[in-house]
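Notes for the structure review
In case you want the letters, here they are:
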Amino acid sequence: MKRKDYLLIAFVPLTLLLLPLTGQLTVDGWHWKWHDFVMAWAVFTFTTWFIRFLVTRPAANLPYKVAATLAIVTGLLITWVNLAVQIIGDDNPGNVLYLLTILGGFIGVGTSRFQPAALSRVAFGMAAALLLIPAVSVLMWPADFNPGYAKVQILSSAFAAMFATSGLLFRRAACHPSATPTYP
C-alpha cells in the first residue's frame, strides 16, 4: 500500500467520527461511551480499507466496482444497525444471526479469490440468509420480537435486495472477464 492509502484509511474514519461526536455534544439523549466510539472507529476503518482494497483497483470494471461498494456498504449498515439498536428486540439472540451472515460473507469473499462469478454466489447466499433470519428468529425466540415481525422482515428484505443487486452486478462483471481483477 502507498502512503496515500494509509492517510486515506486514517482520515476517513476520523472524519466520519465527527458525526457521532457532534451528536454527543449537541443532542440530548445521545449517550455514547468511549467504547462506542472505539467500535465505530473500528467499523469505519475496516470499511474504508475494504472499499479501498476492492473498489479502487484499476483492473476492476464498473459493475464490479459498484457491486463491491454496494456489498460493503450493506454489510456496514447491517453491522452498524445491529450493534447500535439491534434489529430484533433488545436481547433477542436472533440478532447474532445477522452478524453470522456478515461473517459468512467474509469467508465467502476470501474463498472466492475475488472472482466476480463466485462473489455473485456469495451475495445471493447472503441475500437468502437475510430473508430467512426473521422467520427463524420468530420461531426460535418469539418472546422478544420487539418491533414486530413485519417491520423486521421489511428491513431484512431491504438488506437482502441490496445484496441481490450486488450479486446481479457481480454476475454482469463476470460476463467481461478481461476487465475483472485477479488476485493470488
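In what follows, the structure referred to is the one given above.
Everything numeric here is computed off the predicted structure, so don't read it as measured data.

Calculation notes
Residues numbered from 1 in each chain as written. Predicted model: local features only at pLDDT ≥ 70, side-chain atom pairs only at ≥ 80, totals over all residues. Heavy atoms only, no water. Helix = DSSP H or I, 4+ residues; strand = E, 2+ residues; numbered from the N terminus. Rg over C-alpha atoms; globule rule 2.2 N^0.38 Å. Contact = heavy atoms within 4.5 Å. Areas by Shrake-Rupley, 256 points an atom, 1.4 Å probe, with all protein chains shown as cover. Lys, Arg positive; Asp, Glu negative; His and termini not counted. Charge placed at Lys NZ, Arg CZ, Asp CG, Glu CD. Buried < 20%, exposed > 50% of the residue type's maximum accessible area, 1.4 Å probe, protein only. Polar contact = N/O pair within 3.5 Å; in protein donor to acceptor, adjacent residues only side chain to side chain. Phe/Tyr/Trp six-rings, centres within 6.5 Å; stacked < 30°, edge-to-face > 60°. Axes fitted to C-alpha atoms, helices over the stretch in contact; angles between N-to-C directions. Parallel < 35°, antiparallel > 145°, perpendicular 65-115°, else oblique. Left-handed = near helix turned anticlockwise from the far one by under 90°. Nonpolar A, V, L, I, M, F, W, Y, C, P; charged D, E, K, R; others polar.

A count of helical and extended segments in the protein gives seven helices and zero strands. When its helices and strands are written in sequence order, the protein yields α-α-α-α-α-α-α. Relative to its length of 184 residues, the protein is compact, with a C-alpha radius of gyration of 18 Å against a globular reference of 16 Å. For the C-alpha atoms alone, the extent of the protein along its principal axes is close to 50 × 40 × 20 Å. Long-range contacts, defined as pairs at least 24 residues apart, comprise 70% of the intrachain contacts of the protein with a sequence gap of at least 6. Roughly 10400 Å² of accessible area belongs to the protein as shown, and the carbon and sulfur atoms make up 72% of that amount. Here the protein carries 12 positive and 6 negative side-chain charges, and the mean point of each set is 26 Å from the other.

Turning to its location among the elements, Leu16 is positioned in helix α1 (residues 3-16). Here Leu16 falls in the partly exposed class, since its relative accessible area comes to 33%. Residues Leu16 and Phe124, spaced 108 residues apart in sequence, show a C-alpha to C-alpha distance of 30 Å.

A separate point is the side chain of Ser166. Structurally, Ser166 can be placed in helix α7 (residues 149-174). From its side chain, Ser166 meets the backbone oxygen of Ala67 in a polar contact 2.8 Å long. In contact with Ser166, not counting residues within four places along its chain, are Ala67, Leu70, Ala71 and Ala123.

What follows deals with unusual backbone geometry. One non-glycine residue, Arg113, lies in the positive phi region at around 55 degrees. For Arg113, a relative accessible area of 46% corresponds to the partly exposed category. Within the chain, Phe114 stands out as a residue other than glycine whose phi angle is a positive 65 degrees. Checked against the element boundaries, Phe114 lands in the loop between α5 (95-112) and α6 (116-140).

Our next topic: the packing of aromatic side chains. Aromatic rings in a pair are described by how distant their centres are and how their planes are angled relative to each other. Under the criterion given, the structure shown has six aromatic pairs. Considering the side-chain rings of Phe46 and Trp49, the 6.1 Å spacing of their centres and the 35 degrees angle between planes classify their relative orientation as tilted. Of this pair, Phe46 and Trp49 are both found in helix α3 (residues 34-54), three residues apart, which corresponds to roughly one turn of the helix. Residue Trp49 is classed as partly exposed on the basis of its relative accessible area of 30%. Measuring from centroid to centroid gives 5.4 Å for Tyr64 and Phe170, while their planes differ by 75 degrees, and the two rings are edge-to-face. On the criterion of sequence distance, the pair formed by Tyr64 in helix α4 (residues 62-84) and Phe170 in helix α7 is long-range, its members being 106 residues apart. Just as Tyr64 is buried, Phe170 falls in that class too. The structure contains a cluster of three or more aromatic residues connected by ring pairs, namely Trp32, Phe37, Phe44 and Trp80.

A word on the packing of α4 against α7. The angle between the axes and the distance between the axes are what describe a pair of packed helices. Axis separation between α4 and α7 bottoms out at 8 Å; the angle between their running directions is 160 degrees. Viewed along their axes, α4 and α7 adopt a mutual orientation that is roughly antiparallel. Handedness of the crossing formed by α4 with α7: left-handed. Between α4 and α7, the contacting residues are Pro63, Tyr64, Val66, Ala67, Ala68, Leu70, Ala71, Thr74, Gly75, Leu77 and Ile78 on the first element and Phe159, Met162, Phe163, Thr165, Ser166, Leu169, Phe170, Arg172 and Ala173 on the second. Tallied by class, the residues present in the contact of α4 with α7 amount to 15 nonpolar, four polar and one charged.

Everything listed here is a matter of geometry and, on its own, says nothing about what the molecule does.
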